[in-house]
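Report on the structure
As a plain string of letters, each chain reads:
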Amino acid sequence: MITEKDVEHIGMLADIAILRGELEEFTASFNRILEYFDILDQVTGEEKDGGAAVNVLREDEVVPSLSPQDVLSNAKETEDGFFRAPRVM
Amino acid sequence: MNVIVGLEIHCQLDTKTKLFCGCSTDYRTDGPNTHVCPVCLGLPGSLPVLNRKAVEYALRVAKALHCTVPEESVFSRKNYFYPDLNKGFQITQYDKPLAVSGYLDIEGDEGEKRVRITRVHMEEDPGRLVHKGGADRPRYSLVDYNRAGIPLIEIVTEPDLRSPREARRFLNKLRATLEYLGVFDSEKEGSLRVDANISIEGSERVEIKNITSYKGVEKALTFEVTRQKNALRRGQKIVRETRHFVEARGVTTSARSKEMEQDYRYFPEPDLCPLRVADWVDGIVLPELPDARRQRFMDQYGLSLIHARTLTGDLRLAEFYEKVAGTDPALAATWVADTLLGELNYRDMSISSVPPDVFSGLLSLVRARVITDRNGVDVLRVLLDELKEKGTCESPEACAERLGLRALPADSAGGDDPVTKAAREALAENPRAVEDYRNGRKEALNFLVGQVMRKTRGCAKPADVNRVLASLLGEGA
Amino acid sequence: MAEGMLTFSPDDRYNAFLRTVSPARYGEGRLRGIPVAIKDNISTAGIETTCGSRILSGYVPPYDATVVSLLKKEGAAIVGKTNMDEFGMGSTTENSAFGPTKNPRDETRVPGGSSGGSAAAVAAGLVPLALGTDTGGSIRCPAAFCGIVGLKPTYGRVSRYGLVAYANSLEQIGPMAADVAHANLLMSVIAGHDPKDSTSLDAPYSHTPSMEIRGTRIGIPEEFFGEGVDPRVASVVWDAISLLERKGAEIITCRMPSMAYALAAYYVTCMSEASSNLARYDGVRYGPPADVRKPWHEAFQERRREGFGLEVRRRIMIGTFALSSGYYGKYYAKAQAARRNVREDFGRLFAEVDVIAGPTMPTVAFRFGEKSDPLAMYLSDILTVPANLAGVPAISVPCGKVEGLPVGLQIMGRWMEDERVIDVAYAYEQGANP
């Protein structure tokens, strides 16, 4: 059983705020969905994936970068060529 | 109280392009966000493609560190949030690293020592944050993604180091090894970062994060050893925690406990294929590494162990030495290891700022006794100051000439050479010393030699001064 | 004249398009001047690309997805971006932040999803060709519900470069069209190796559909007609299979035991990958900005709560949980083991049959609001997710109606046998509409 406290913790890990009014619905649907996932308990065998390709590599050759305008064109907060972001300290 | 240290070292690999895209890694002199593309900016829909050269470089390191390369290695996503992160995760290697179980031999506190390497893996560098604002203004961050995606290798050691000094020596040896391999440039700012785990035997382990200089590692660990020992002496317990090293103050401070609760939710990166490169290792031909070169310097140039170790401890230094060793390797070794290094260090300069031909020229002057040893040092200082200021310098010969530091002749038949003249003056001006000398106080000669050196501004060769003084004093007897 | 401009002013009463481009530039090539609609999770340089999400509103990619470059190279006119469930998370297109798309066959019903806009645009005759993307049925489901053809190619056959990731290991871009021949044409343009996509296969697609299927062995897994499948849908699909048998195919019933947990494996995988893929939407580099006056953690949490819809937040959080310390083994690792079993089931079956057929969807198109419970919505994907888990090609081709609503016949093929899947679909289509 996932509790509301668990859901709040998950929200923190996922960096998604949860409104008070949403918590109950999230908790209930999480439990229904996770209960459905319990069917995986009966699966045996290795996790190992049988992907075919290995060593997909490119050569160390410089490709032109984006123009400065293109880099910043989608950011609303910029300053002197930098992106502006919330404080970390 | 035994100290136990293990290191996690992140080094930028010196490839032309980033780990997963073709953006140039040569960003340091350019403006922010000028070396980015959809991939390293983390634009929606972009996909990583692995740089072959980065894999080759990492394998060179693995081989030089005597690691085992497992049949298959896999990239994983390390999920966490931070504004310097372009995708909300870092592509790294987790449970299937490129290489495991190696070692590096170092000069330990008690002689030669083998430090075990747990693993070597590849990952991408995050972007760079600049902190803005302050007490009176709102604070925020500025982000530059030029660094995002630069290839890193992370080298993790076993907790085999027993002192801050050993940790520094390990780092120096590792740095030299990586540079000899041609995969790393220690002169590039921020090209190396270290996390250190340190504990006092029997106590909890503390992690010191993000030390960004070689000297910083020893400083941070020394501070931490003292802090932990003091705490234990006072009967306190060491808390298992993460601490940050504050370089400016030389202290470590506790990071918020929140960072301890990280849950990185690693899983295999679905956009990249596994690596199967174990069989590449046999094909790698390693260049001469520091230990081999040290032995060769002793054999080929007849150097002492100490000189050989110093001169091979840094690739550029070793290459510089070989360029200037010339006809007198012993003289060159003394001058490079004992004089030049100290002068560079004092000026915070690197060996690569000294043109070898200039230094060779200086050595020739000294060797031919055109200038004295002492004035040789003076010329060197002037040349280094010029190099530091302008990046170029005059020739050693011109410098000695300009400063009047050429060695003076002392062998004229008539006694009118500058050294004999200066010696006569010195004797005339210091009758007491002359008398003392004649009364058997031989140390008075040293005083007189000093006076002559002063009068000749160091341009007299010490042997000449001794000979001339002895001769003049003998005459008067 | 090498280049031209196409005026595109459709009567988009179904809300199939999020935005249209008019006039649209076109060039010389196999698709010269043909209007093509692009699902809004495929990057188009200079054209806003939102994935049906508020968190990307205003985002204009500075680059084209590889498939878009390929379309332009063949002269196609990119005429618009189509509506979709936010980031592909849904089977109805109701989860778009910009309003649902209506099913042109019945406006009271959903067009299916998540490529509902592309399917509706084709079904309504607004464009002859559209690109969709299929993570667990997102091309085939709306193709079935809207009565058109949709192909999910073999994983790797079409480049994903520029496709905004939802679940990287499962999804493919694919063609949607009114008939098999057009889907085949579009596939031949978009398939091929792309060095920008490490999972891309070096397998160009150049194929002329053939209706000759004599001797083709068609496997019919019991599970595709089991509980939850509307008997009327099952009956229409059986009729279609009988037609194929009359055309000379051999029908072999079989079993696919991994179907028991395929859906759970699918949802664990896609939610886990999504939780990581969607971490980049923090409002720093694109999209509505994070509040830079707040501490970063708070600012990001707030931005992401506001920017993502309910279902997206739900899937990100469950995916986060499934990967978290202590649960990885129970969920993600098990899902990958299950996935292997699915692949092995296919491998075993494909040793005896050439293709596998069944219904695309268990029912006809839902009414709006009918699948308000998330789990009920997930369960409707049960028949389409196996092909994604195994990476094999699968097509949905219209095969009749139930109460006037289209039913899709799904044909799944061996890895890299997209051509055969096209042929069987073509044989059915030509046989049913002589």
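Keep in mind it's a predicted model, so treat the numbers as computed, not measured. (Residues numbered from 1 in each chain as written. Chains lettered and ligands numbered in written order. Predicted model: local features only at pLDDT ≥ 70, side-chain atom pairs only at ≥ 80, totals over all residues.)

**Some remarks on the overall build of chain A**
Tallying secondary structure elements over chain A gives 3 helices and 3 strands in all. Listed N to C, the secondary structure of chain A is α-α-β-α-β-β in terms of helices and strands. Computed over C-alpha atoms, the radius of gyration of chain A comes to 22 Å, more than 25% over the 12 Å expected from 2.2 N^0.38 for 89 residues, which places it beyond the range of a compact globule. Projected onto the principal axes, the alpha-carbon positions of chain A cover approximately 50 × 45 × 25 Å. Residues counted as buried form 27% of the 89 residues belonging to chain A. (Helix = DSSP H or I, 4+ residues; strand = E, 2+ residues; numbered from the N terminus. Rg over C-alpha atoms; globule rule 2.2 N^0.38 Å. Buried ≥ 20, exposed ≤ 12 C-beta atoms within 10 Å, placed from the backbone.)

**Overview of the interface of chain C and chain A**
If you look at the interface, chain C gives 48 residues, while chain A gives 38 residues. Of all the secondary structure elements, the ones that give two or more residues to the side of chain C that touches chain A are α6 (259-277), α7 (296-307), α8 (310-323), α9 (329-350) and α10 (374-379) of chain C. Top element by residues in the side of chain C that touches chain A is α9 of chain C. It accounts for 10 residues. Residue classes in the side of chain C that touches chain A are distributed as 29 nonpolar, 8 polar and 11 charged. (Contact = placed C-beta atoms within 7 Å. Nonpolar A, V, L, I, M, F, W, Y, C, P; charged D, E, K, R; others polar.)

**Remarks on the sheet that holds strand β13 (residues 251-254) of chain B**
All names here are of chain B. Read across the open sheet, the 8 strands follow the order β5-β6-β9-β1-β10-β11-β12-β13; overall the sheet is mixed. Each edge of the open sheet carries a strand with a single partner, namely β5 (99-108) and β13. When the angles between neighbouring strand axes are averaged without regard to direction, this sheet yields 30 degrees. With 5 bridges connecting them, strand β1 (residues 3-12) and strand β9 (residues 151-157) associate as antiparallel partners. (Pairing = 2+ DSSP bridges. Axes fitted to C-alpha atoms, helices over the stretch in contact; angles between N-to-C directions.)

**A short note on the pairing of strand β12 (residues 394-402) of chain C**
Consecutive side chains along a regular strand alternate between the two faces of the sheet. Residue and element names in this part refer to chain C. Pairing between strand β7 (residues 149-152) and β12: 3 bridges, direction antiparallel. Among the inter-strand pairings, lysine 152 is bridged to a residue of β12, identified as alanine 394. Linking β12 to strand β13 (residues 405-413), which pair antiparallel, is a turn of 2 residues; within it glutamate 403 sits at a positive phi near 50 degrees.

**What to know about the interface of chain B and chain C**
By a widespread convention, an interface's size corresponds to the accessible area lost as its parts come together. Across the boundary between the two partners, chain B contributes 26 residues, which contact 34 residues of chain C. Of all elements in the fold, only β3 (75-79) and β8 (140-144) of chain B reach the threshold of two or more residues within the side of chain B that touches chain C. Residue classes in the side of chain B that touches chain C are distributed as 17 nonpolar, 4 polar and 5 charged.

**Observations concerning the domain arrangement of chain B**
All names here are of chain B. Domain boundaries in chain B define domain 1 (3-283), domain 2 (290-402) and domain 3 (418-476). Computed from C-alpha coordinates alone, the two centres of domain 1 and domain 2 are separated by 34 Å. Facing the 7 residues of domain 1 at the interface are 6 residues of domain 2. Each residue belonging to the side of domain 1 that touches domain 2 can be placed in one class, and the counts come to 2 nonpolar, 2 polar and 3 charged. (Domains from an automatic or database assignment.)

**A look at the packing of helix α2 (residues 164-180) of chain B against helix α3 (residues 214-233) of chain B**
Residue and element names in this part refer to chain B. Running from N to C, α2 and α3 point in directions that differ by 160 degrees, and their axes come no closer than 8 Å. Relative to α3, α2 is oriented roughly antiparallel. Every pair of crossing elements has a handedness; the one defined by α2 and α3 is right-handed. Contact residues: α2 offers Pro164, Arg165, Ala167, Arg168, Leu171 and Asn172, while α3 offers Tyr214, Val217, Glu218, Leu221, Thr222 and Val225. (Parallel < 35°, antiparallel > 145°, perpendicular 65-115°, else oblique. Left-handed = near helix turned anticlockwise from the far one by under 90°.)

**A word on the confidence of the model for chain B**
Residue-level pLDDT values for chain B average 92, and 97% of them are 70 or greater. ipTM for the predicted complex: 0.97, alongside a pTM of 0.92. (pLDDT = per-residue confidence, 0-100.)

**Describing the sheet that holds strand β14 (residues 267-268) of chain B**
All names here are of chain B. The sheet built from 3 strands is open, its strands ordered β4-β3-β14 with antiparallel pairing. Looking along the sheet, the strands with just one partner apiece sit at the ends: β4 (89-93) and β14. In this structure, β3 lies alongside β14, joined through 2 bridges in antiparallel fashion. Note that in β14 the partner of arginine 77 across the bridge is phenylalanine 267.

**Observations concerning the nonpolar core**
One recurring pattern in soluble globular proteins: nonpolar side chains tend to sit buried together. Judged by nonpolar contacts, the single largest core of 290 residues is most densely connected at Ala58, Val61, Val120 and Ala196 of chain B together with Val36 and Ala425 of chain C. No other element matches α6 of chain C, which puts 11 residues into this core. Among all residues touching valine 120 of chain B, those that are not within four sequence positions of it are Ala58, Val61, Ala62, Leu65, Cys67, Pro97, Leu98, Ala99, Ile153 and Ile155 of chain B. (Core = buried A, V, L, I, M, F, W, Y, C linked by C-beta atoms within 7 Å.)

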